[in-house]
Amino acid sequence: MTGIKSTITKLSLAVVAMYGFSYALVPIYDTFCEITGLNGKTNEVAYVANDIKEDNRFVTVKFISNVANSAPLYFEPSVSEMTVQVGKPYNTHYVMKNNSSKQLHTTASPSVTPGKHAEYFKKIECFCFNQQTINAGEVKDLGIQFIIDNELPNDSGDIVLSYTMFDISNNIKETNKL
Amino acid sequence: MSANIDHLKEEHHQPSGLMRWITTTNHKDIGSLYLWFSLLMFFVGGLMALVIRAELFQPGLQFVVPGFFNQMTTMHALIMIFGAVMPAFVGLANWQLPMMIGAPDMALPRLNNWSFWILPFAFTMLLSTLFFESGGPAAGWTLYPPLSLQGGNSMPFVIFSLHLLGASSILGAINVIATILNMRAPGMTLMKMPIFVWTWLITAFLLIASMPVLAGAITMLLTDRFYGTSFFTAAGGGDPVLFQHIFWFFGHPEVYILILPAFGIVSTIIPAFSRKKLFGYDSMVYATASIALLSFIVWAHHMFTVGMPLAGEIFFMFTTMLIAVPTGVKVFNWVATMWKGSMTFETPMLFALAFIILFTIGGFSGLMLAITPADFQYHDTYFVVAHFHYVLVPGAVFAIIAAVYYWLPKWTGKMYNETLGKIHFWMTTIFVNITFFPMHFVGLAGMPRRIPDYAVQFTDFNMIASVGAFGFGLSQLLFVYILFLTLRQPVTAADKSWEGAEGLEWTLPSPAPYHSFDTPPKVD
């Protein structure tokens, strides 16, 4: 009977360990994506430009936008395309309008294509670092300041920056309730 | 000791009627409960499949609205996987393992009772969602976010019932491992165990390693929806693709959970009716273990089109193809077992033979799907539907039916009607191919899965498939009739019901006594 007990103990520990492993997969996946540049994730906190040098290459940066789940928002880039010098900071902005009759809370998630070049697209300032509160009918300019790292490989083509804007008003209300 | 045995024999004074089944801790009672429950769920899931096939008989919308159609595809999968195939295998394990290893019962009889009785509650909860105003789950059995997070009120109920089913499977798996590792008859070393016991031991380890991962994944879905976490919601920095990785880390071992015990059954039946020993027993054991290990490093072949680095696609392509090697070992071993055997073709053997041929077809279409560049054409088409139905229906389900015919005389002491059994076999085999073979063609031509309507050029093959599905469903009513006829007979079956059958279970009387081995048999 002791044999059975020790089998049960070991197997129960294995079950708990595998449950833990499912949660461990979350940071493992994030690290994996960071190493491989998967998903085009860019820096999530402001980049402090210091050792980036200007060089005489130019690349085209294209801006696109999406609104998730048909939220009542107008959300578009002010310019759809810029030709920028590598290593020089640039400013641009997106325009967002609240088409509903309520105040909304929003957040944007950025993504760079091609994913392997995401690490060279540095955001010095970005509205995506914060959440936005926008009143009914209000129009807002959402600014970005970015710089292309001079480490960018020579074979790179255009870089596409995409933002998806989410209406998170409901999530915020529910979290406050809890 | 003898007083102890007398006491065991007196245990037949037990509650009668319904209470007997609710309170039973006997492995045979619980095995029967599992098998009957599985049969019931097979018909519930089958009815849902017929709703799907009726709707797809013609293009356009005929019988159901698209939302309900999606609920049917989702529920059909959940019920067939968790309600029909898995409980059937656990039922077979309950009946057979103690008899095959010379034990009196399972190691943990009360836990065994609990494992089973979780199931009816879990499925009542799952099925009740169909009566909700917002309907049942409709995002597919894989529950991919963001769609599954946007569904109706059924979502927490589905997740909780999956938690219960997972708990039931894990408890069952612990019981199986504890029984096999600790209660074998003296002299039965691991490498002398019947092959069905081996495949179940490995399956139980797969369950223990993979079911908790599913529990984790769906718990994350639940907290994303109700507690403001953002594992998979992009708005909070999460990633829906992460769910696919976690889900398939469970999901791929799960598909081997659905097939390894079937390998064990076929490896038992083929030698019995070939009147030869299983060819390459050792290699069968190692092949099963290799398949189980490989199942943990191939998961992303379910998601080639999701956007992976090239190195990842190549890795998952080659590891997936590698699985064909141990599987091939098994198929060739089965064929070699039959080579120059004096074969007879009773119903269990017919189902086992059809298993080998039709499962191999499903294996080959799996290899086609493993080729990453080709998968971009096949992904989410009916070709995938054809593939996994070939490995699950003439694979897992045929093995279960074969096992029932093979061991029915041992369980009941009564022999089924061989002529009717053969008719059942031929109808099932013909209709299963009429149903699923045309799906390869519409899939290659680009018909997507999980849609209630389709382009008109797919009509002919869909009509054929629908006719086959109804034929297949009706053929299974014949199976129920055969079971009914068998159970009504007097006890006549011999202790050793099949001439070529081997194993400790055939040394017991038919029907097998309530407690299998009061004194352990000696194995040399």
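Analysis parameters
- Residues numbered from 1 in each chain as written.
- Chains lettered and ligands numbered in written order.
- Predicted model: local features only at pLDDT ≥ 70, side-chain atom pairs only at ≥ 80, totals over all residues.
- Heavy atoms only, no water.
- Helix = DSSP H or I, 4+ residues; strand = E, 2+ residues; numbered from the N terminus.
- Rg over C-alpha atoms; globule rule 2.2 N^0.38 Å.
- Contact = heavy atoms within 4.5 Å.
- Lys, Arg positive; Asp, Glu negative; His and termini not counted.
- Charge placed at Lys NZ, Arg CZ, Asp CG, Glu CD.
- Axes fitted to C-alpha atoms, helices over the stretch in contact; angles between N-to-C directions.
- Parallel < 35°, antiparallel > 145°, perpendicular 65-115°, else oblique.
- Left-handed = near helix turned anticlockwise from the far one by under 90°.
- Domains from an automatic or database assignment.
- Salt bridge = Lys/Arg side-chain N within 4 Å of Asp/Glu carboxyl O.
- Buried area = accessible area lost by both parts, 1.4 Å probe.
- Polar contact = N/O pair within 3.5 Å; in protein donor to acceptor, adjacent residues only side chain to side chain.
- Nonpolar A, V, L, I, M, F, W, Y, C, P; charged D, E, K, R; others polar.
- Buried < 20%, exposed > 50% of the residue type's maximum accessible area, 1.4 Å probe, protein only.
- Disulfide = S-S within 2.5 Å.
- pLDDT = per-residue confidence, 0-100.
- Core = buried A, V, L, I, M, F, W, Y, C linked by side-chain atoms within 4.5 Å.
- Pairing = 2+ DSSP bridges.
- Expected span 1.5 Å × (residues − 1).
- Bend = angle between axes of the 7 residues up to and from the residue.
- Phe/Tyr/Trp six-rings, centres within 6.5 Å; stacked < 30°, edge-to-face > 60°.
- Lys NZ or Arg CZ within 6 Å of the ring centre and 35° of its normal.

A.B. asks: Is there a simple way to explain the overall build of chain B in this structure?
C.D. replies: When you go through chain B residue by residue, the secondary structure sums to 17 helices and 0 strands. The globule rule puts the C-alpha radius of gyration for 524 residues at 24 Å, and the 23 Å found for chain B is close to it. Seen through its principal axes, chain B has C-alpha atoms that stretch 70 × 50 × 45 Å. In chain B, 82% of the contacts between residues at least 6 apart in sequence involve partners at least 24 apart. Averaged over its 21 positive side-chain charges, chain B has a centre that lies 9 Å from the centre of its 24 negative ones.

A.B. asks: How should the packing of helix α6 (residues 154-182) of chain B against helix α7 (residues 195-226) of chain B be read in this particular structure?
C.D. replies: Two packed helices can be described by the angle between their axes and the distance between those axes. Residues and elements named next belong to chain B. Contact geometry for α6 and α7: axes closest at 8 Å, N-to-C directions at 155°. With respect to their mutual orientation, α6 and α7 come out roughly antiparallel. In this structure, α6 meets α7 at a crossing whose hand is left-handed.

A.B. asks: How do you make sense of the domain arrangement of chain A when you look at a structure like this?
C.D. replies: Quite often, the size of an interface is put as the accessible area lost when its parts meet. Partitioning chain A into domains gives domain 1 (1-36) and domain 2 (58-177). Just the C-alpha atoms count here: the centres of domain 1 of chain A and domain 2 of chain A sit 38 Å apart.

A.B. asks: Would you explain the pattern of salt bridges in this entry?
C.D. replies: Oppositely charged side chains can pair when the atoms bearing their charge come close. Residue and element names in this part refer to chain A. A complete count under the given rule lists 7 salt bridges over all chains for this structure. Here Arg57 and Asp55 are joined by a salt bridge, their closest N and O atoms 3.2 Å apart. Asp158 serves as the salt-bridge partner of Lys62, at 3.4 Å between the closest nitrogen and oxygen. Of this pair, Lys62 sits in strand β1 (residues 58-67) while Asp158 is found in the loop between β8 (139-148) and β9 (159-167), placing the two residues 96 residues apart along the sequence.

A.B. asks: Would you mind going over the environment of Ala173 of chain B with me for this structure?
C.D. replies: Residues and elements named next belong to chain B. Looking at the element boundaries, Ala173 is found in helix α6. Remark: the alpha-carbon pair of Ala173 and His76, spanning 97 residues in sequence, is separated by 24 Å. Those residues in contact with Ala173 that sit more than four places away from it in its chain are Ala204, Leu207 and Ile208.

A.B. asks: Where do I start with the interface of chain A and chain B in this structure?
C.D. replies: The interface is formed by 27 residues belonging to chain A together with 35 residues belonging to chain B. Carbon and sulfur atoms make up 76% of the surface buried where chain A meets chain B, a total of about 2500 Å² over both sides. At the boundary of chain A with chain B, the tally comes to 0 salt bridges. Taken together, the links from chain A to chain B amount to 4 residue pairs in polar contact (both at pLDDT 80 or more). Secondary structure elements with two or more residues in the side of chain A that touches chain B: α1 (2-36) and β5 (104-113) of chain A. It is α1 of chain A that provides the largest number of residues to the side of chain A that touches chain B, a total of 17 residues. Residues belonging to the side of chain A that touches chain B are distributed by class as follows: 16 nonpolar, 9 polar and 2 charged.

A.B. asks: Even after reading the chapter, I still don't get the side chain of His76 of chain B, so can you show me in this structure?
C.D. replies: With respect to the helices, strands and loops of the structure, His76 of chain B is situated in helix α4 (residues 66-101). You can call His76 of chain B buried: its relative accessible area is 14%.

A.B. asks: When you look at the state of the cysteines in this model, what are you seeing that I'm missing?
C.D. replies: Two cysteines form a disulfide when their sulfur atoms are joined by a covalent bond. All names here are of chain A. Counting across every chain of the model gives 1 disulfide over all chains. Linked covalently through their sulfurs, Cys126 and Cys128 form a disulfide whose S-S length is 2.3 Å. Taking the sign of the torsion about the S-S bond as the criterion, the disulfide between Cys126 and Cys128, at about 130°, is right-handed. Overall, the relative accessible area of 6% leaves Cys126 in the buried class.

A.B. asks: What's the story with the confidence of the model for chain B in this structure? I'm lost.
C.D. replies: In low-pLDDT regions, the fine details of the predicted coordinates are not to be read closely. Averaged over chain B, the pLDDT score is 94; the fraction of residues at 70 or greater is 98%. Confidence drops under a pLDDT of 50 for residues 1-10 of chain B, and excluding neighbours within four residues, the segment shows 4 contacts in the predicted structure.

A.B. asks: Looking at this structure, I do not really get the nonpolar core. What am I missing?
C.D. replies: Soluble, globular proteins show a tendency: their nonpolar side chains are buried together. Counting residues in each nonpolar core, the largest one holds 188 residues, and the members touching the most others are Phe82, Trp200 and Phe355 of chain B. At 22 residues, α4 of chain B tops the list of elements feeding residues into this core. Listed in part, the 31 residues of the second largest apolar core include Ala108, Ala118, Tyr120 and Ile134 of chain A.

A.B. asks: Whenever I open this one, the sheet that holds strand β7 (residues 132-134) of chain A confuses me. Can you help?
C.D. replies: Residue and element names in this part refer to chain A. With mixed pairing, the 5 strands of this open sheet are ordered in space as β3-β1-β9-β5-β7. The sheet terminates laterally at β3 (81-85) and β7, the two strands that pair on one side only. Averaged over all neighbouring strand pairs, the angle between strand axes comes to 30°, with direction disregarded. Relative to β9, β5 runs antiparallel, the two being bridged by 8 bridges. By the bridge assignment, Thr106 is partnered in β9 with Asp167.

A.B. asks: How should the pairing of β9 of chain A be read in this particular structure?
C.D. replies: On a regular strand, one side chain projects to one face of the sheet and the next to the other, so that they alternate. Where β1 of chain A lies against β9 of chain A, 7 bridges are found, and the strand directions are parallel. Following the sheet pairing, Asn66 of chain A is matched in β9 of chain A by Thr164 of chain A.

A.B. asks: What am I meant to see in the environment of Glu499 of chain B here?
C.D. replies: Relative to the helices and strands, Glu499 of chain B resides in the segment after α17 (459-488). Polar side-chain contacts of Glu499 of chain B include one of 3.0 Å to the side chain of Arg275 of chain B.

A.B. asks: What am I meant to see in α4 of chain B here?
C.D. replies: Helical geometry: 3.6 residues make up each α-helical turn, so side chains three or four residues apart lie on a common side. Residue and element names in this part refer to chain B. With 36 residues, α4 should cover 52 Å at 1.5 Å per step; its first-to-last C-alpha distance of 50 Å lies within 8% of that length. Of all the bends found along α4, the most pronounced is centred on Met80 and spans about 35°. Of all 36 residues in α4, 32 are buried, a share of seventy percent or more. Immediately beyond the C-terminal end of α4, within one or two residues, lies Gly102, with a positive phi of roughly 75°.

A.B. asks: Is there a simple way to explain the packing of helix α9 (residues 260-274) of chain B against helix α12 (residues 324-338) of chain B in this structure?
C.D. replies: Residues and elements named next belong to chain B. The interhelical angle for the contact between α9 and α12, taken along N-to-C directions, is 15°, at an axis separation of 9 Å. By the angle class used here, α9 and α12 are roughly parallel. At the point where α9 passes α12, the crossing takes the left-handed sense. Contact residues: Phe263, Val266, Ser267, Ile270, Pro271 and Ser274 in α9; Thr327, Lys330, Trp334, Thr337 and Met338 in α12. Partitioning the contact of α9 with α12 into residue classes produces 6 nonpolar, 4 polar and 1 charged.

A.B. asks: Honestly, the sheet that holds β8 of chain A in this entry has me stumped. Any pointers?
C.D. replies: Whether parallel or antiparallel, the strands of a sheet pair through hydrogen bonds between backbone atoms. All names here are of chain A. One open sheet holds the 4 strands; their spatial order is β2-β4-β8-β6, and the pairing between them is antiparallel. Edge strands, defined here as strands with exactly one partner in the open sheet, are β2 (73-77) and β6 (121-126). Pairwise comparison of adjacent strand axes, ignoring direction, gives a mean angle of 25° for this sheet. Direction of pairing for β6 relative to β8: antiparallel, over a ladder of 5 bridges. Paired with Glu125 across the two strands is Gln145, which belongs to β8.

A.B. asks: Would you take a moment to explain the packing of aromatic side chains for this structure?
C.D. replies: For any pair of aromatic rings, geometry is given as the distance between the ring centres together with the angle between the planes. Residue and element names in this part refer to chain B. The tally for this structure, following the rule as stated, stands at 53 aromatic pairs over all chains. Taken together, a centroid distance of 6.3 Å and an interplanar angle of 80° make the contact between Tyr144 and Phe243 edge-to-face. Linking Tyr144 in the loop between α5 (109-128) and α6 with Phe243 in helix α8 (residues 240-257), this pair joins segments that are 99 residues apart in sequence. When the centroid spacing of 6.3 Å and the interplanar angle of 5° are considered together, the rings of Tyr406 and Trp498 count as stacked. Note that Tyr406 is positioned in helix α15 (residues 382-412) and Trp498 in the segment after α17, a separation of 92 residues in sequence. On the accessibility criterion, Trp498 (5% relative accessible area) is buried. Seen from the ring of Trp21, Arg20 lies directly overhead, with NZ or CZ sitting 4.4 Å from the centre.

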